[in-house]
Amino acid sequence: MQITNTILMIRPVNFRMNEQTAVNNYFQEDITATNDTINAKAQAEFDAFVTALRAKGVHVIVVDDNKELDTPDSIFPNNWVSFHANGTVGLYPMFAENRRNERREDILERLEAEGFLIENIMDYTAAEEEEIYLEGTGSLLIDRINNKVYCALSDRASEELIIEFCEDFDCLPVIFTANQTVNGKRMPIYHTNVMMCLAETFSVICLDTIDDKKEKKNVVHHLKESGKEIITITEEQMHHFAGNMLQVLGANEQRYLVMSSQAYHSLTPAQIKSIEAHCEIIHSSLDTIETCGGGSARCMMAEVFLPQS
């Protein structure tokens, strides 16, 4: 399966703008408010988002963050863990030191308590000692049907580790560089899933971020070869998180594309029509989370593909 109906989400208790990630996440902005106020707003957005997903029959497993760990970005679990249909769990090396505390064994135990089987753990975290990083499905967009992995290189996505992952999971790497304009300069986008969404039968992608023509042509080739309709967005729409989307399964195998309300309202009627030809859309307001965290709906959902006992 390319998509799942089971999602792991972490409810924040210390959410704020993370100064350690802001150095290369150009989507983050500071808000003039106390951290307690910011966290309360993030919790309200989180709860409304979970309610919207569950209303459509998506199975959402919510785990509370641990206040003692001081993990402001714990709301984005897909960066440190991935769950695979063969019972494998991937653990990933994180760029920001304070994000490494997000990796919690009790979260894996919770999934086992929910009836999911963990057969093997692929642990890449030792790479942190060499300052080499690969931030989970923030960096890796996995085409599980066609055994391909799309990944944009950045400080948080090492080519060496991408290739190692692809060897371990028997996938073909499709590697490129995606840039955004920051103060008049082209700078690498911190995560692939900000500029690209990979669904069953289509992809929403900001091709304008891939400056190298050969790399762009290669990405388009692989998407078309895999039978994906390509729905393009602009760089401006990407900055409204229109690339940060995830397709999920709801009740009765119904497909949904999940995004923030900001992302939804940035889309044109033609783009919405193109998406809705494939599946319905779920959107929820995530303004505080997007502004302070520099991530959106897709970043908040860790897909669970593990087999069940």
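About the criteria used
- Residues numbered from 1 in each chain as written.
- Predicted model: local features only at pLDDT ≥ 70, side-chain atom pairs only at ≥ 80, totals over all residues.
- Heavy atoms only, no water.
- Helix = DSSP H or I, 4+ residues; strand = E, 2+ residues; numbered from the N terminus.
- Rg over C-alpha atoms; globule rule 2.2 N^0.38 Å.
- Buried < 20%, exposed > 50% of the residue type's maximum accessible area, 1.4 Å probe, protein only.
- Core = buried A, V, L, I, M, F, W, Y, C linked by side-chain atoms within 4.5 Å.
- Contact = heavy atoms within 4.5 Å.
- Disulfide = S-S within 2.5 Å.
- Pairing = 2+ DSSP bridges.
- Axes fitted to C-alpha atoms, helices over the stretch in contact; angles between N-to-C directions.
- Patch = residues over 30% accessible without salt bridge, like charges linked within 9 Å, V, L, I, M, F, W, Y side chains within 5 Å.
- Areas by Shrake-Rupley, 256 points an atom, 1.4 Å probe, with all protein chains shown as cover.
- Salt bridge = Lys/Arg side-chain N within 4 Å of Asp/Glu carboxyl O.
- Lys, Arg positive; Asp, Glu negative; His and termini not counted.
- Charge placed at Lys NZ, Arg CZ, Asp CG, Glu CD.

Draft legend 1. Region of the structure containing the overall build of the chain. Secondary structure summary: the chain contains ten helices and 17 strands in total. The globule rule puts the C-alpha radius of gyration for 309 residues at 19 Å, and the 18 Å found for the chain is close to it. Along the three orthogonal principal directions, the C-alpha set of the chain runs to about 45 × 45 × 45 Å. Relative to its full complement of 309 residues, the chain shows a buried share of 58%.

Draft legend 2. Spotlight on the nonpolar core. Residues M9 and M195 are the most contacted members of the largest nonpolar core, which totals 62 residues. It is helix 1 (residues 35–55) that provides the largest number of residues to this core, a total of six residues. Ignoring anything within four residues of it in the chain, the contact list for M9 reads F46, F49, V50, L53, V60, I61, V62, V63, M300 and M301. Counting 18 residues, the second-largest nonpolar core is a separate cluster that includes W80, V81, F116 and V304.

Draft legend 3. Quick peek at the state of the cysteines. All chains considered together, the criterion is met by zero disulfides. With no disulfide of its own, C171 lies 5.6 Å from the sulfur of C166, the closest cysteine sulfur. C171 gets classed as buried once you look at its relative accessible area, which sits at 15%. Of the cysteine sulfurs around C299, a residue in no disulfide, the closest is that of C197, at 12 Å.

Draft legend 4. Just the sheet that holds strand 1 (residues 6–11), in detail. The three strands lie next to each other as 2-1-17, forming an open sheet whose pairing is mixed. The open sheet has two free edges, formed respectively by strand 2 (59–64) and strand 17 (302–303), since each of these has just one partner strand. Judged from the two bridges that link them, strand 1 and strand 17 form a sheet pairing that is antiparallel. Across the sheet, L8 pairs through a bridge with A302, a residue of strand 17.

Draft legend 5. Seen up close, the sheet that holds strand 4 (residues 88–91). Here three strands make up an open sheet; going across it, the order is 3-4-5 and the pairing mixed. Strands with a single pairing partner mark the edges of an open sheet, and in this sheet they are strand 3 (81–83) and strand 5 (120–123). On average, adjacent strands in this sheet sit at an angle of 20 degrees to one another, irrespective of strand direction. Here strand 4 runs beside strand 5; their pairing, made up of four bridges, is parallel. Along strand 5, the bridge assignment pairs G90 with M122.

Draft legend 6. Inspection of a negative patch on the surface at higher detail. A grouping of E129, E130, E160, E164, E167 and D168 is seen on the molecular surface, where their side chains present a negatively charged patch. Position of D168 among the secondary structure elements: in helix 4 (residues 159–168). D168 gets classed as partly exposed once you look at its relative accessible area, which sits at 38%.

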